[in-house]
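Below, each chain spelled out in residue letters.
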Amino acid sequence: MVKVSIYDTNFSIYRGDLPYTQEKEGPHWENYKDTLRFLGSIGFYVGEDKEIKMHYPCLNDTHRAGGFGELRFKAEYHPNCYHVKFYQDEEHENQNGGFYDFDKYEKMPYLIQKRYDWTMKKLIQYFFKRGFFVEYSKDTFKGEAFIIHDYLRSSHHHQNTWFSLTDVDGETTEYECNGRDRDGNILHNGETKYFRDWNGYLYRGRVYHNINNMWWVLLPDGTVRNEACFELFDLKETDFSGRQKMQNPPQEYTERKRQLARCSTKELENELKRRKRG
């Protein structure tokens, strides 16, 4: 089976059990050309890699380059694996590091990141339709894509091919006990809910069921949090909207309080008498 491995903005497509050939022929070579044609069909221009053509003309046939706006890519073919690697335009690329860096997504400006996110989804759909096995690094996906990928790899969700997150809006859990918020309301995918972080600040985001009573919360900045259903709520007029300082008493105090809770009334009375004598 042909395997696709994705890390950061790099796609590596392995030959798998397809026939091996050193020549530019056979199904693996055709897969390479078909991938480039697909990129052309979704808006990328595809042409020669001018740097390779100038310095390594013998490799010109197996290397291609192109772009869609400021999102660029380079592709290179090898008998066992071909690669497609995305990055921002050459000017930014030269400023931010070499072609083989693995933190290109984080270095991209926001709008280029969004163009890459869209391209990645299209490519994954393309590979799925061709029957390729797709695997991802845990750091590959952000925001909505992170939740979609979690649904695809989880045995607790029925999706098996890339989808739009809005496709599951309105769905809820199989068991009500795993899908009721702080006030007893049934949670549904896509709803906006509030929760308080450990630091006491109020947060808001769209919720999607994860597993058991845990729900993914997609914050406006693209961050994804994992919160229990009973931590989620609709903000009411009676809810305090500012920071709610969380109590964090010393561990010794907490342990002493726990021990006192186990004491009988007689033991507590003796303890008070001892303190008075002291």
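Residues numbered from 1 in each chain as written. Predicted model: local features only at pLDDT ≥ 70, side-chain atom pairs only at ≥ 80, totals over all residues. Heavy atoms only, no water.

### What about the pattern of salt bridges?
Oppositely charged side chains may form a pair once their charged atoms are brought near each other. Where we set the bar: Counted as salt bridges are all cases of a side-chain nitrogen of Lys or Arg within 4 Å of a carboxyl oxygen of Asp or Glu. Think of it this way: any DSSP run of H or I at least four residues long counts as a helix, any run of E at least two long counts as a strand, and we number them from the N terminus. A simple rule labels every residue: compare its accessible area, found with a 1.4 Å probe on the protein chains alone, to the largest value its type can have, and call it buried under 20%, exposed over 50%, or partly exposed in between.
What the rule picks out here adds up to 15 salt bridges. A salt bridge links K236 to D183, with the shortest nitrogen-to-oxygen separation between them at 3.7 Å. Highlighted residues: K236 in the loop between β11 (224-228) and α7 (251-261) and D183 in the loop between α6 (143-153) and β8 (192-196), separated in sequence by 53 residues. Since its relative accessible area comes to 44%, K236 is described here as partly exposed. Under the relative-accessibility criterion, D183 is labelled partly exposed at 32%. Taking the shortest distance from any N to any O, the salt bridge between R225 and D197 comes out at 2.9 Å. Of this pair, R225 sits in strand β11 while D197 is found in the loop between β8 and β9 (202-211), placing the two residues 28 residues apart along the sequence. By relative accessible area, which is 8% here, D197 ends up buried.

### Thoughts on the packing of helix α1 (residues 27-41) against helix α5 (residues 110-129)
Note the cut-off: Axis lines are fitted through C-alpha atoms, for helices just across the contact stretch, and the angle between N-to-C directions can take any value from 0 to 180 degrees. Orientation is classified from the angle alone, with under 35 degrees giving roughly parallel, over 145 giving roughly antiparallel, 65 to 115 giving roughly perpendicular, and any other angle giving oblique. In this scheme the handedness of a crossing depends on how the near helix is turned from the far one: anticlockwise by less than a right angle means left-handed, clockwise means right-handed. Whether two residues touch is decided by their heavy atoms; if any such pair falls within 4.5 Å, the residues are in contact. Gly is put with the polar residues, along with every residue not named as nonpolar or charged; the nonpolar set is Ala, Val, Leu, Ile, Met, Phe, Trp, Tyr, Cys and Pro, and the charged set is Asp, Glu, Lys and Arg.
With their axes 11 Å apart at the nearest point, α1 and α5 run at an angle of 140° to one another. By the angle between their axes, α1 is oblique relative to α5. Here α1 and α5 pass one another in a crossing that is right-handed. Contact with α1, carried on its side by N31, D34, T35, F38 and L39, involves T119, K122, L123, Y126 and F127 of α5 and no other residues of that element. Split by residue class, the contact of α1 with α5 holds five nonpolar, three polar and two charged.

### With respect to the confidence of the model for the protein chain
Filter applied, for reference: Here pLDDT means the predictor's own confidence in every residue, given as a number from 0 to 100.
Mean pLDDT for the protein chain: 84, with 85% of residues reaching 70 or above. Throughout residues 91-100 the model reports pLDDT below 50, and contacts reaching past four residues in sequence, or to other chains, amount to 16 contacts.

### Thoughts on the sheet that holds strand β5 (residues 71-77)
Threshold: Pairing between strands is defined by DSSP: at least two bridges between them are needed.
Pairing within the open sheet is mixed, and its seven strands lie in the order β3-β4-β5-β6-β2-β1-β7. At either margin of the open sheet sits one strand with a lone partner, and together these are β3 (45-48) and β7 (133-136). The sheet shows a mean angle of 20° between the axes of neighbouring strands, taken without regard to direction. Both β5 and strand β6 (residues 81-88) contribute to a ladder of seven bridges, which runs antiparallel. In the strand pairing of β6, E76 is matched with H83.

### Topic: the side chain of Q159
Stated formally: Any pair of nitrogen or oxygen atoms within 3.5 Å is treated as a polar contact; in protein, a donor-acceptor pairing is required on top of that, and neighbouring residues in sequence qualify only through side-chain atoms on both sides.
The residue Q159 is located in the loop between α6 and β8 in this model. According to the relative accessible area criterion, Q159 is buried, its value standing at 11%. A polar side-chain atom of Q159 sits 3.2 Å from a polar atom in the side chain of H158. Beyond its immediate chain neighbours, meaning those up to four positions away, Q159 contacts Y151, L152 and V168.

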